[in-house]
Amino acid sequence: MSVLLLGWTLLLCMGQPLAAPADTLAVVVPKTQSGKIGSLVDLSLIYWRKKLYWSEGVRMQPVNLPTDSPQRRQFSQRVLGSLPEAQAEYWNEVYYHGTTPPHVVSSQEAVLRYVADTPGGIGYVDACKVDARVKAVAWLLGDGSFTTSQPALNCPP
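Just so it is clear, the model here is predicted, and its values are computed rather than measured. (Residues numbered from 1 in each chain as written. Predicted model: local features only at pLDDT ≥ 70, side-chain atom pairs only at ≥ 80, totals over all residues. Heavy atoms only, no water.)

Student: Where do I start with the sheet that holds strand S1 (residues 25-30) in this structure?
Tutor: Working definition: the strands of a sheet are paired by backbone hydrogen bonds and lie parallel or antiparallel to each other. Taken together, six strands build an open sheet; the order of strands is S3-S2-S4-S1-S5-S6 and the sheet is mixed. Each edge of the open sheet carries a strand with a single partner, namely strand S3 (103-104) and strand S6 (146-147). Here strand S2 (residues 61-64) pairs with strand S4 (residues 121-126) via two bridges, running parallel. The residue of S4 that forms the bridge with Pro62 is Ile122. The sheet strands contacting helix H3 (residues 70-80) are S1, S2, S3, S4 and strand S5 (134-140), and the helix crosses S4 at an angle near 115°. Contacts from helix H5 (residues 108-117) reach S1, S2, S3, S4 and S5, with the element oriented near 155° to S4. (Pairing = 2+ DSSP bridges. Helix = DSSP H or I, 4+ residues; strand = E, 2+ residues; numbered from the N terminus. Contact = heavy atoms within 4.5 Å. Axes fitted to C-alpha atoms, helices over the stretch in contact; angles between N-to-C directions.)

Student: When you look at the nonpolar core in this model, what are you seeing that I'm missing?
Tutor: Side chains that are nonpolar tend, in soluble globular proteins, to be buried together. By size, the foremost hydrophobic cluster in this structure holds 35 residues, and its most contacted members are Ile37, Leu43, Tyr47, Phe75, Val111, Val115 and Ile122. Taken together, the elements giving at least two residues each to this core come down to S1, helix H2 (40-47), H3, helix H4 (88-95), H5, S4 and S5. (Core = buried A, V, L, I, M, F, W, Y, C linked by side-chain atoms within 4.5 Å. Buried < 20%, exposed > 50% of the residue type's maximum accessible area, 1.4 Å probe, protein only.)

Student: Teacher, can you tell me more about H2 here?
Tutor: Because an α-helix completes one turn every 3.6 residues, residues spaced three or four positions apart along the sequence face the same direction. Those residues of H2 that fall on the buried side of the exposure criterion are Asp42, Leu43, Ser44, Ile46 and Tyr47. Those residues of H2 that are buried lie in contact with S1, S2, H3, H4, S4 and S6. The N-cap residue of H2 is Ser39: its side-chain oxygen and the backbone nitrogen of Val41 are 3.3 Å apart. Directly after H2, the chain includes Arg49, whose backbone phi takes a positive value near 65°. (Polar contact = N/O pair within 3.5 Å; in protein donor to acceptor, adjacent residues only side chain to side chain.)

Student: Explain the pairing of S2 to me, please; I cannot follow it from the model alone.
Tutor: A regular strand places its side chains on the two faces of the sheet in alternate fashion. As defined by bridge partners, S2 adjoins S3 across two bridges and the pair is classed as parallel. Paired with Asn64 across the bridge in S3 is Val104.

Student: Would you mind going over the side chain of Gln71 with me for this structure?
Tutor: You can see Gln71 is positioned in helix H3. Taking the relative accessible area as the measure of exposure, Gln71 reaches 14% and is therefore buried. At 3.0 Å, the side chain of Gln71 and the side chain of Ser69 are in polar contact. Leaving out residues up to four positions away in the same chain, Gln71 has contacts with Leu25, Leu65, Gln108, Tyr124 and Asp126.

Student: Teacher, can you tell me more about the environment of Ala86 here?
Tutor: With respect to the element layout, Ala86 can be found in the loop between H3 and H4. Judged by relative accessible area, Ala86 falls into the exposed class, the value being 56%. For the pair Ala86 and Ser76, spaced 10 residues apart in the sequence, the C-alpha separation amounts to 9.9 Å.

Next up, the structure:
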């Protein structure tokens, strides 16, 4: 009976597309930025505003996408361990001690412009959106892993 049930389940699922893995996000900085992101912990410290300066002394200027952005939600879960809505209490608390949250822009294009034009800028976009205005220094892969080596990407033309 269980074999028959398994067979029916497989037949029902055959016409269904499999869920696609999450997209790869690239962490981007200005082309002239020499600082690096060594680990996921480093990236987390930057976005919690606990690491404030690049190795050459330039103040880090992290930027976020809106809270409803799929890329922001992926980034927040993978790097900060929670959804953006759950972080409001933290930001309310540290704001009274003079720490402001990362700047928020409206789109991935705006992230690219902000990072390209802001000394110390750092942001994240879909890896296929990276262009010559910025350089990618780390990647959050669809399987949840972190790397500082450029992965193979299958970007549409």
